[in-house]
Amino acid sequence: MVSPRLSRLEGHRRKFMAVIDDTPECGRAVHYAGMRARNSNGGLVLLYVIADADFQQWLGVEGIMRAEARAEAEATLAKIAQTVRETIGIEPEMVIREGGATDQIYSLIEEDRDIAILVLAAGSAKDGPGPLVSSIAGKTAAFPIPVTVIPDLLTDEEIDALS
């Protein structure tokens, strides 16, 4: 059970969270979440999860690999945040975590009780909607907050009209 959301209380605001990864559809989720945040006077949280399994095979160079992964995460978030600032006009919060994506999403939702909606984008490739959407979709009955899934084929203009 997740803690009650605080986003409607005085001094709080509803936050939309988008998970940053290397999928092509990630930008669709960020754009929609950013537009919804702007249009509702809310906030945008960008979460980048570094998979900790990547470091366990290489104990001798674990520290170097972890630092490189962190630098890559920071650079990716900085680039996306700049795009959000330029195209949507809001300042996003940026969070980097290590671990399993689903676990870290749950953890951040529990810690930041203003996060009220998770926004994901589904890929249209024959492989399916993507690993994160598939993982979350299987748990929607038990998921602690609403999840909005954006089709990756929507244009910015179509997303703007929907948000």
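Parameters and conventions
Residues numbered from 1 in each chain as written. Predicted model: local features only at pLDDT ≥ 70, side-chain atom pairs only at ≥ 80, totals over all residues. Heavy atoms only, no water. Buried < 20%, exposed > 50% of the residue type's maximum accessible area, 1.4 Å probe, protein only. Helix = DSSP H or I, 4+ residues; strand = E, 2+ residues; numbered from the N terminus. Pairing = 2+ DSSP bridges. Right-handed = clockwise from strand over helix to strand, strands pointing away. Axes fitted to C-alpha atoms, helices over the stretch in contact; angles between N-to-C directions. Contact = heavy atoms within 4.5 Å. Core = buried A, V, L, I, M, F, W, Y, C linked by side-chain atoms within 4.5 Å. Salt bridge = Lys/Arg side-chain N within 4 Å of Asp/Glu carboxyl O.

Taking an unreviewed UniProt entry as the reference, the protein chain is identified by name as Universal stress protein UspA belonging to Pararhizobium polonicum.

Undergrad: Hey, could you run me through the pairing of strand β1 (residues 15–20) in this one?
TA: Walk down a regular strand and you will see the side chains alternate between the two sheet faces. In terms of burial, β1 is largely enclosed, as six of its six residues are buried. Alternating positions in β1 separate into two faces, Lys15, Met17 and Val19 on one and Phe16, Ala18 and Ile20 on the other, with burial throughout. Pairing geometry for β1 and strand β2 (residues 43–50), over six bridges, is parallel. Its bridge partner lying in β2, Ala18 is registered against Leu46. Each parallel crossover has a hand, and the one from β1 via helix α1 (residues 26–39) to β2 is right-handed. Pairing of β1 with strand β4 (residues 115–122), which is carried by four bridges, proceeds in the parallel orientation. Counterpart to Met17 in the pairing with β4 is Leu118.

Undergrad: Sorry if this is basic, but what is going on with the environment of Tyr48 here?
TA: Here Tyr48 lies in strand β2. Using a relative accessible area of 12% as the deciding quantity, one classes Tyr48 as buried.

Undergrad: I tried to follow the sheet that holds β2 on my own but got confused; where do I start?
TA: Through backbone hydrogen bonds, the strands of a sheet pair up, either in parallel or in antiparallel fashion. Strand order in the open sheet formed by five strands is β3-β2-β1-β4-β5, and the pairing between neighbours is parallel. Two strands bound the open sheet, and with one partner strand each, they are β3 (93–98) and β5 (147–151). Taking the axes of each pair of neighbouring strands and ignoring which way they run, one obtains an average angle of 30° across the sheet. By the bridge criterion, six bridges tie β2 to β3 in an arrangement that is parallel. Its bridge partner being in β3, Leu46 is matched across the sheet by Met94. Relative to the sheet, helix α3 (residues 62–87) contacts β1, β2 and β3, its axis offset from that of β2 by approximately 155°.

Undergrad: What is the right way to read the environment of Gly100 from this model?
TA: Tracing the chain through its elements places Gly100 in the loop between β3 and α4 (101–111). Gly100 gets classed as partly exposed once you look at its relative accessible area, which sits at 34%. Spatially, the C-alpha atom of Gly100 lies 7.3 Å from that of Val49, the residues being 51 residues apart in sequence.

Undergrad: Help me understand the nonpolar core, please; the structure alone is not making it clear to me.
TA: The nonpolar side chains of a soluble globular protein tend to be buried, and buried together. Grouped together as the largest cluster of nonpolar side chains are 29 residues, with contacts concentrated most on Ile20, Val30, Leu46 and Val119. Here this core takes seven residues from α1, the largest share from any one element. Core analysis: the next-biggest nonpolar cluster, separate from the first, contains 14 residues, Val45, Leu47, Val95 and Ile115 among them.

Undergrad: Hey, could you run me through the pattern of salt bridges in this one?
TA: Where charged atoms from two side chains of opposite charge come close, those side chains can pair. The full count for this structure, using the stated rule, is seven salt bridges. A salt bridge links Asp156 to Arg28, with the nearest nitrogen and oxygen atoms 2.6 Å apart. With a gap of 128 residues between them, Asp156 in helix α6 (residues 156–162) and Arg28 in helix α1 connect regions that are remote in the sequence. Exposure remark for Asp156: the relative accessible area of 31% places this residue in the partly exposed category. Arg28 gets classed as buried once you look at its relative accessible area, which sits at 16%. Note that Glu91 and Arg85 form a salt bridge whose closest N and O atoms lie 2.7 Å from each other. When its relative accessible area of 48% is taken as the criterion, Glu91 is described as partly exposed.

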